[in-house]
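Fold and geometry: a report
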Amino acid sequence: MSLLVFILTVVGITDIITSGRIFESTRERIKRKNYWLGYLVGCPMCLGFWCGVFFGIVGNPTGLSVLSAGAVGSLCSYFYHRMCV
């Protein structure tokens, strides 16, 4: 997975979960049941970090450490959300 594909994957999944209509009812249900998880699924920076960590563990031929993959995912997801949403 190249760095660009990694970034697009993390940003896309983060955007779908935090802002997509398809997960709107699921987000609301999670927010009612658990404050911490509800905050996580609504925050692109937080969820971007954990998606980056996940993809850093699962498939990471980009050479990034797991923590760096999380940081890149968080940064890119946050910038995308601030610029486009």
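Whatever comes next refers back to the structure up there.
Here's a quick rundown of the structure. (Residues numbered from 1 in each chain as written. Predicted model: local features only at pLDDT ≥ 70, side-chain atom pairs only at ≥ 80, totals over all residues. Heavy atoms only, no water.)

**With respect to helix α4 (residues 44-58)**
Under the convention used in this document: The secondary structure listing takes helices from DSSP runs of H or I that are at least 4 residues long and strands from runs of E that are at least 2 residues long, numbered from the N terminus. By this rule, a helix spans an expected 1.5 Å times one less than how many residues it contains. Here a residue-residue contact requires only that any non-hydrogen atoms of the pair lie within 4.5 Å.
Taking 1.5 Å of rise per residue, the 15 residues of α4 would be expected to cover 21 Å, and the 20 Å separating its terminal C-alpha atoms lies within 8% of that figure. Of the surrounding secondary structure, the elements contacted by the buried residues of α4 are α1 (3-19), α3 (35-42) and α5 (66-84).

**Some points on the packing of α4 against α5**
Under the convention used in this document: To get an axis, a line is fitted to the C-alpha atoms, and for a helix only the part in contact is used. The angle between two axes follows their N-to-C directions and goes from 0 to 180 degrees. The scheme is simple: roughly parallel for angles under 35 degrees, roughly antiparallel for over 145, roughly perpendicular for 65 to 115, oblique for anything else. For any helix crossing, the convention is left-handed if the near helix is rotated counterclockwise from the far helix by under a right angle, and right-handed if that rotation is clockwise. Under the scheme applied, nonpolar residues are Ala, Val, Leu, Ile, Met, Phe, Trp, Tyr, Cys and Pro; charged residues are Asp, Glu, Lys and Arg; polar residues are all the others, including Gly.
Where α4 meets α5, the closest approach of the two axes is 7 Å, and the angle between their N-to-C directions is 140°. What the angle tells us is that α4 and α5 run oblique. In this structure, α4 crosses over α5, and the sense of that crossing is right-handed. Here α4 contributes P44, M45, G48, F49, G52, V53, G56 and I57 to the contact with α5, which in turn contributes V66, L67, A69, G70, A71, G73, S74, S77, Y78 and H81. Here the contact of α4 with α5 is built from residues that sort into 10 nonpolar, eight polar and no charged.

**Side note on the environment of R27**
As for its position among the elements, R27 is in helix α2 (residues 24-33). Considered as a pair, R27 and G38 are 11 residues apart in the sequence and their alpha carbons are 6.6 Å apart. Once you skip the residues sitting within four places of it in the chain, R27 turns out to touch I16, I17, T18, S19, G20 and V41.

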